[in-house]
Amino acid sequence: MDHTTVAIVGGGPAGLLLSRLLHRAGTDCTVLERRDRAYVERRQRAGILEQSTVDALREAGAAERLDAEGLVHDGVELRWSGRSHRIDFPALTGGRRVWVYAQTEVVKDLIALHQAAGTAPRFEAEVHAVEGIDTGRPIVRYTHQGRERALSCDYVVGCDGSHGVALKAVPVGARRTYERVYPYSWLGITADVPPSCEELVYAHSPHGFALHSMRSPRVSRLYLQVPNGTDPEAWTDERIWDELDARFTLDGWTLDRGPITAKAVLPMRSSVTEPMRFGRLLLAGDAAHIVPPTGAKGLNLAVSDVVVLARALTHRQRTGGTELLDAYSGTCLRRVWRAEHFSYTMTTTLHTDPGQSAFDTRLQIAQLDRVADSPHAAAELALNYAGIPVFST
Ligand code: APR
Ligand code: PHB
């Protein structure tokens, strides 16, 4: 049976960055990814990187293209009730900012670096069981090219996303999942048209939420709140643009239209599984927690988990000490719950719940007015959005 120090289940951003950090620190690891490379590189997700995520990618030597092509943003705009307010990140956070750079590009950059270093994931390797996490020598069982394989290791890391198998190795009684499902989804589109704004616009409107984001100076990315169960094909391009127009409406501003090249519906969910460590199994990224996309915290949380974990595993490897691994779950969960609260607050302040009363709507508007009128309220939003430094939770 093959052996590795750290077996990583899943080659999404969490698994790819963790293996990069471990290899650079001289800790041997193997990533098992069930999809092929092209599939992993094509998967479309959010596109906002916090300052600490960019710092981590630079540290990993994975930020060359990000630094050349990423769009640095110093703020976002909020719109509601005919008002507009800009949140100035550097002014409110002591210099922090965000980068617009799609997650799929981060994934491509990490895979290219692994290929060049000879540390690429084992693609099309589907893990079906993780055994012995309460022993000193766990075993990961997987299928590769139709053959059953097994990998023994010192530690297993579940970076296998929201429906992963790693978590199933933990007895139900030893874990707890806290969850909230929202009564709306996002219809996301990509369009070949320059963005109509320089920074992202988050809009609260009587028609529901809308977000204007971007992928490059020539490609716009937009989202609108739709009912759960919506079929994206039921929305013609014209209906999408008309609805976006109605939600972003602001005197003197127009939304430019262009050909829609992608269209998909995303459900919204908050979830945290505790603890994030069980014996020799550690969970990171979506395998441990999910946030709704409002505020774009998903990738950033995955990155902060693996930064903490790489440090803990390297410390264990170099000194034999397990104190950082023992602290892993607690350290991450502080930050995870902060991001959960922020994502929940952004979501529930900006969306229209189908059961919402006129009173509830007035409360949302009062909260948005507060952000515009109070630098303290604006600073709280800015600090959370631009991201709290990884070790200051
Ligand atoms: N065996 C091997 N690989 C698996 C298995 C399995 N049984 N199950 C899942 N995987 C792989 C998936 O194919 C995927 O490539 O695990 C990977 C998980 O990647 P992500 O879902 O991208 O999760 P993560 O790396 O934690 O990244 C978090 O992704 O979902 C977004 O909003 C989230 O932006 C955040 C980021
Ligand atoms: C995106 O660009 O995909 C994006 C940006 C901000 C969000 C969510 C998604 O809050």
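What counts, and at which threshold
- The residue numbers shown here count from 1 along each chain, following its written sequence.
- By the order in which they are written, chains take letters starting at A while ligands take numbers starting at 1.
- The predicted origin of the model limits local features to residues at a pLDDT of at least 70 and limits the giving and counting of side-chain atom pairs to 80 or more, whereas totals for whole chains, interfaces and linings rest on all residues.
- Calculation of side-chain values draws on the structure's entire complement of heavy atoms; hydrogens and water are dropped beforehand.
- Near, as used in this document, describes a residue that has one of its heavy atoms within 4 Å of the molecule or strand being considered.
- Polar contacts, as counted here, are pairs of nitrogen or oxygen atoms within 3.5 Å of one another; within protein the pair requires one atom able to donate a hydrogen and one able to accept it, and residues that are adjacent in sequence qualify only if both atoms are side-chain atoms.
- The Shrake-Rupley method, run with a 1.4 Å probe, gives the accessible areas here. Residue values count only the displayed protein chains as cover.
- In this description a helix means any DSSP run of H or I spanning at least four residues, a strand means any run of E spanning at least two, and both kinds are numbered starting from the N terminus.
- Lys, Arg, Asp and Glu make up the charged group, whereas Ala, Val, Leu, Ile, Met, Phe, Trp, Tyr, Cys and Pro make up the nonpolar group; the residues left over, Gly among them, are polar.
- Expected span, for any helix, means 1.5 Å times one less than how many residues it has.
- A simple rule labels every residue: compare its accessible area, found with a 1.4 Å probe on the protein chains alone, to the largest value its type can have, and call it buried under 20%, exposed over 50%, or partly exposed in between.
- Contacts between residues were defined by any pair of non-hydrogen atoms, one from each residue, lying within 4.5 Å.
- When DSSP finds at least two bridges between two strands, those strands are taken to pair.
- A fitted line through C-alpha atoms represents every axis, and for helices the fit uses only the stretch in contact; the resulting angles, taken between N-to-C directions, go from 0 to 180 degrees.

Thoughts on the site of ligand 2
Neighbouring ligand 2 are 14 residues, the closest being Tyr-202, Ser-213, Arg-215, Tyr-223 and Gly-295. Contacts to ligand 2 include Tyr-202, whose side-chain N or O atom sits 2.7 Å from an oxygen atom. Within the contact set of ligand 2, an oxygen atom lies 3.4 Å away from a backbone nitrogen or oxygen of Ala-296. Relative to its free-state accessible area of 280 Å², ligand 2 is covered by the protein chains to the extent of 100%. Contributions of two or more residues to the shell around ligand 2 are made by strand S12 (200–203) and strand S13 (210–216). Here the shell around ligand 2 gets 3 residues from one element, more than from any other, and that element is S13. Here the residues of the shell around ligand 2 sort into 9 nonpolar, 4 polar and 1 charged.

So, helix H1 (residues 13–24)
Look at H1: 16 Å from first C-alpha to last across 12 residues, which is about the 16 Å you get at 1.5 Å a residue. The buried fraction of H1 amounts to 10 of the 12 residues, a majority that puts the element mostly inside the structure. Three or more residues of H1 are buried, namely Pro-13, Ala-14, Gly-15, Leu-16, Leu-17, Leu-18, Ser-19, Arg-20, Leu-21 and Leu-22. In this structure, the buried side of H1 is in contact with strand S1 (2–9), strand S2 (29–32), helix H3 (51–59), helix H6 (103–117), strand S10 (147–158) and helix H8 (298–319). Where H1 ends, the next residue or the one after it, Gly-26, has phi of about 85 degrees, a positive value.

Focus on the site of ligand 1
In the vicinity of ligand 1 there are 24 residues, among which Glu-33, Arg-43, Arg-45, Gln-103 and Asp-286 approach most closely. In this structure, an oxygen atom belonging to ligand 1 sits 2.8 Å away from a side-chain N or O atom of Arg-45. Gln-103 is positioned with one of its side-chain polar atoms (N or O) 2.6 Å from an oxygen atom of ligand 1. If ligand 1 stood free it would expose 700 Å²; the protein chains cover 91% of that surface. Broken down by secondary-structure element, the contributors of at least two residues to the shell around ligand 1 are H1, strand S8 (125–131) and H8.

Quick notes on the sheet that holds strand S7 (residues 98–100)
In space, the 3 strands of this open sheet follow the order S3-S7-S4, with antiparallel pairing throughout. The sheet is open, and its two edges are formed by strand S3 (48–50) and strand S4 (71–73), each paired on a single side. Averaged over all neighbouring strand pairs, the angle between strand axes comes to 30 degrees, with direction disregarded. Two strands pair when backbone bridges link them, and S4 and S7 are joined in this way by 3 bridges, in the antiparallel orientation. Among the inter-strand pairings, Val-72 is bridged to a residue of S7, identified as Trp-99. Packed onto the sheet, helix H11 (residues 375–386) meets S3 and S7 and runs at close to 100 degrees relative to S3.

With respect to unusual backbone geometry
Residue Pro-275 is reached from Glu-274 by a cis peptide bond, and omega for that bond is -10 degrees. When you line up the elements, Pro-275 lands in the loop between strand S15 (260–274) and strand S16 (277–278). Positioned with a positive phi, Glu-124 is a non-glycine residue whose angle comes to about 55 degrees. Along the polypeptide, Glu-124 turns up in the loop between H6 and S8. Taking relative accessible area as the criterion, Glu-124 reaches 48% and is therefore assigned partly exposed.

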